[in-house]
Amino acid sequence: MRTPKPPANAPGAHARDRGRGRLLARGLGAVFLCVLASPAAVAAGDGDQARWLRLAVERLCPLPDLSGLDAQHALAGSWLLDETRRPDDREPRHIAVRLLLPGADELAIERRQYRGRLRQFLVSYAAHDGARARPALLAIADGSCGIRSGRAIREGLDGWRFLDQLDGDLETLKWTETLQAPWPAGRDPGGVRVALVDSGLAYDLKPFRDRLARDGAGMPLGYDFWDLDPWPYDGDVSRGPFLPIRHGTAVASVLAREAPEAALIPLRYPRPDMARMGALVARAAAAGARILALPLGSRKAEDWGAFETALRGRDILAVVSAGNDGRDIDEDPVYPAALPLENILTVTSSDGFGRLARGSNWGAASVDVMLPAENLAVLDFRGASGRASGSSYAVPRLAALAARILAREPGLSAAGLKARILARAAPSPYEREGAVAAGWIPDPLSE
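Residues numbered from 1 in each chain as written. Predicted model: local features only at pLDDT ≥ 70, side-chain atom pairs only at ≥ 80, totals over all residues. Heavy atoms only, no water.

Draft legend 1. Here's a closer look at the sheet that holds strand β2 (residues 94-100). Overall, antiparallel pairing links the eight strands, which are arranged β1-β2-β3-β4-β5-β6-β7-β8 in an open sheet. Every interior strand has two partners, whereas the edge strands, β1 (79-86) and β8 (173-180), have only one. This sheet shows a mean twist of 20° between the axes of neighbouring strands, independent of strand direction. With five bridges connecting them, strand β5 (residues 133-141) and strand β6 (residues 147-155) associate as antiparallel partners. Its bridge partner being in β6, A139 is matched across the sheet by G150. The sheet contacts of helix α1 (residues 47-60) involve β3 (106-114), β4 (117-128), β5 and β6, and relative to β4 the element is tilted by about 150°. (Pairing = 2+ DSSP bridges. Helix = DSSP H or I, 4+ residues; strand = E, 2+ residues; numbered from the N terminus. Axes fitted to C-alpha atoms, helices over the stretch in contact; angles between N-to-C directions. Contact = heavy atoms within 4.5 Å.)

Spelled out as structure tokens, the structure:
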């Protein structure tokens with residue numbers, strides 16, 4: 001699945017998904033909570049917020065060298081909170097300014113440019129609710145300083161939260177996406193419990209509602225370690241609250257299809273504080289997970305210290321992605337794939353002939369197996385059908401195989417389960433020796 005390149009730590013950050021085209025909705029009428037609005041539809045919002053955004057674009061977008069003091073002077077009544085320029089040189093590509101407005105609301109301004117030429121200008125409004133400023137409205141202008149679109153975060157009833165996609169007038173609603181949803185009612189499906197550690201899951205979709213592992217009271221066992229709340233809905237917001245990357249649902253759709261008897265434990269990974277990965281592993285273990293599926297990683301070993309400590313010695317098999325940076329991770333490691341743990345199984349993507357997929361990472365010591373994970377059928381967070389590729393999608397295929405083996409042999413330890421899987425691998429007839437440690441699994445669905 002092609003997505004904009006996410007920052008380090010993000011799902012697919014070291015393992016970007018490579019798609020054969022973007023996910024396509026087949027029949028928008030059937031897409032869950034992705035509602036097309038009539039041209040006259042108007043999103044709920046605050047006119048004052050929109051006026052601030054328009055004013056900021058009008059007065060600040062043309063400035064070739066935006067500064068925080070420029071913004072404060074141009075928008076009377078505001079106060080400069082902070083300013084960043086990346087990289088910190090005479091021609092930064094990204095300039096960000098944050099202003100305090102009357103009433104404690106905030107305005108964030110981003111100028112994105114290349115060689116001094118404006119590419120995109122974004123202004124967002126955060127409304128203070130007495131505790132903190134919450135993102136409310138975004139205006140997106142092009143290189144000519146024309147507002148082309150907007151986004152609004154809207155609170156619904158009973159725990160729902162929505163992202164409204166707006167036209168350039170910042171009023172007309174084009175469509176709506178779900179940002180947060182309450183847990184669906186249901187009962188525990190039984191079966192092997194697999195914890196999926198990713199950007200979350202659109203658990204309100206029909207393919208997942210009846211697949212959630214639950215406690216004795218019927219409460220799903222997932223958790224959001226990013227926001228520290230019980231609802232791990234799909235959305236990596238490291239690019240910003242209005243620009244979520246949806247990754248976990250597509251990955252989960254492969255796992256659900258290939259291990260139909262497994263029970264899912266969705267865990268949204270803790271990008272704000274990776275030290276929480278230790279608590280994440282402990283929670284997965286307490287929930288009865290025997291398999292952890294991690295289609296994510298980074299190049300920073302320090303991100304994974306808590307994870308390594310928590311996973312070491314546990315009777316849990318962690319299936320992790322090798323990544324898609326096109327390199328030997330024995331020489332240039334990514335984590336957690338390169339962690340020296342016996343209960344980690346690292347997988348990379350191949351084509352259907354057993355050739356390492358273009359851009360997929362390899363490593364004679366760090367990567368255990370490869371299997372076909374190119375052009376797979378997936379569902380996105382709306383329930384729309386599409387195709388996706390990459391090592392991120394090799395992870396759910398291998399985790400599903402592990403779940404099916406464990407269902408037949410529930411007494412297997414993590415070490416025994418790993419041995420069963422590695423025994424299925426053989427040298428590929430089309431790939432050089434040393435690409436991976438154990439070899440190729442041509443068809444993980446073959447029994």
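Draft legend 2. Representation of the pattern of salt bridges. Throughout the structure, instances matching the rule amount to 24 salt bridges. A salt bridge links D164 to R154, with the shortest nitrogen-to-oxygen separation between them at 2.8 Å. Of the two residues, D164 is situated in strand β7 (residues 161-167) and R154 in strand β6; the sequence distance between them amounts to 10 residues. Of the charged contacts in the structure, one is a salt bridge between D273 and R276, with a shortest N-O distance of 4.0 Å. Judged by its relative accessible area of 34%, D273 falls in the partly exposed class. Through salt bridges that share partners, R299, D325, R327 and D332 make up one connected network. (Salt bridge = Lys/Arg side-chain N within 4 Å of Asp/Glu carboxyl O. Buried < 20%, exposed > 50% of the residue type's maximum accessible area, 1.4 Å probe, protein only.)

Draft legend 3. Inspection of the packing of helix α7 (residues 391-408) against helix α8 (residues 414-422) at higher detail. For the pair α7 and α8, the least separation of the axes is 10 Å and the interaxial angle reads 115°. Accordingly, the angle class assigned to the pair α7 and α8 is roughly perpendicular. Between α7 and α8 lies a crossing whose hand is right-handed. Residues L398, L401, A402, I405 and L406 of α7 pack against L417, R420 and I421 of α8. Among the residues forming the contact of α7 with α8, the class breakdown is seven nonpolar, no polar and one charged. (Parallel < 35°, antiparallel > 145°, perpendicular 65-115°, else oblique. Left-handed = near helix turned anticlockwise from the far one by under 90°. Nonpolar A, V, L, I, M, F, W, Y, C, P; charged D, E, K, R; others polar.)

Draft legend 4. Representation of the packing of helix α4 (residues 248-258) against α7 in the model. Two numbers describe how α4 lies on α7: the axes approach to 8 Å, and their chain directions differ by 30°. For the element pair α4 / α7, the angle class is roughly parallel. Note on packing geometry: the crossing formed by α4 with α7 is right-handed. The segment α4 lies against α7, with A250, V251, V254, L255 and E258 engaging S392, Y393, P396, R397, A399, A400 and R404. Of the residues in the contact of α4 with α7, the class split is eight nonpolar, one polar and three charged.

Draft legend 5. Structural detail: α1. Under the 1.5 Å per step criterion, the end-to-end length of α1 is 20 Å for 14 residues, consistent within 8% with the ideal 20 Å. Against α2 (68-74), β3, β4, β5 and β6 lie the buried residues of α1. (Expected span 1.5 Å × (residues − 1).)

Draft legend 6. Fine view of the packing of aromatic side chains. Following the criterion strictly, the structure yields seven aromatic pairs and no others. Considering the side-chain rings of Y223 and F225, the 4.9 Å spacing of their centres and the 70° angle between planes classify their relative orientation as edge-to-face. Classification of F225 by relative accessible area gives buried; the value is 4%. Each ring, one from F353 and one from Y430, has its centre 6.3 Å from the other, and the planes form 85°; the classification is edge-to-face. Of this pair, F353 sits in the loop between β14 (344-350) and β15 (369-372) while Y430 sits in the loop between α8 and β18 (439-440), placing them 77 residues apart in sequence. For Y430, a relative accessible area of 53% gives the class exposed. Through pairs of rings, three or more aromatic residues link up here, namely W183, Y203 and Y233. Of note, R246 hangs over the ring of F381, and the distance from its end group to the ring centre comes to 4.0 Å. Lying across the ring of W362, R432 places its NZ or CZ 5.1 Å from the centre. (Phe/Tyr/Trp six-rings, centres within 6.5 Å; stacked < 30°, edge-to-face > 60°. Lys NZ or Arg CZ within 6 Å of the ring centre and 35° of its normal.)

Draft legend 7. Up close: the pairing of β5. Of the pairings in the sheet, the one linking β4 to β5 comprises eight bridges and is antiparallel in character. Bridge assignment links H128 to a residue of β5, and that residue is A133. Hairpin geometry of β4 and β5 is characterised by an intervening segment of four residues between the two adjacent antiparallel strands and by a positive phi of about 100° at G130. Hairpin geometry of β5 and β6 is characterised by an intervening segment of five residues between the two adjacent antiparallel strands and by a positive phi of about 65° at C145.

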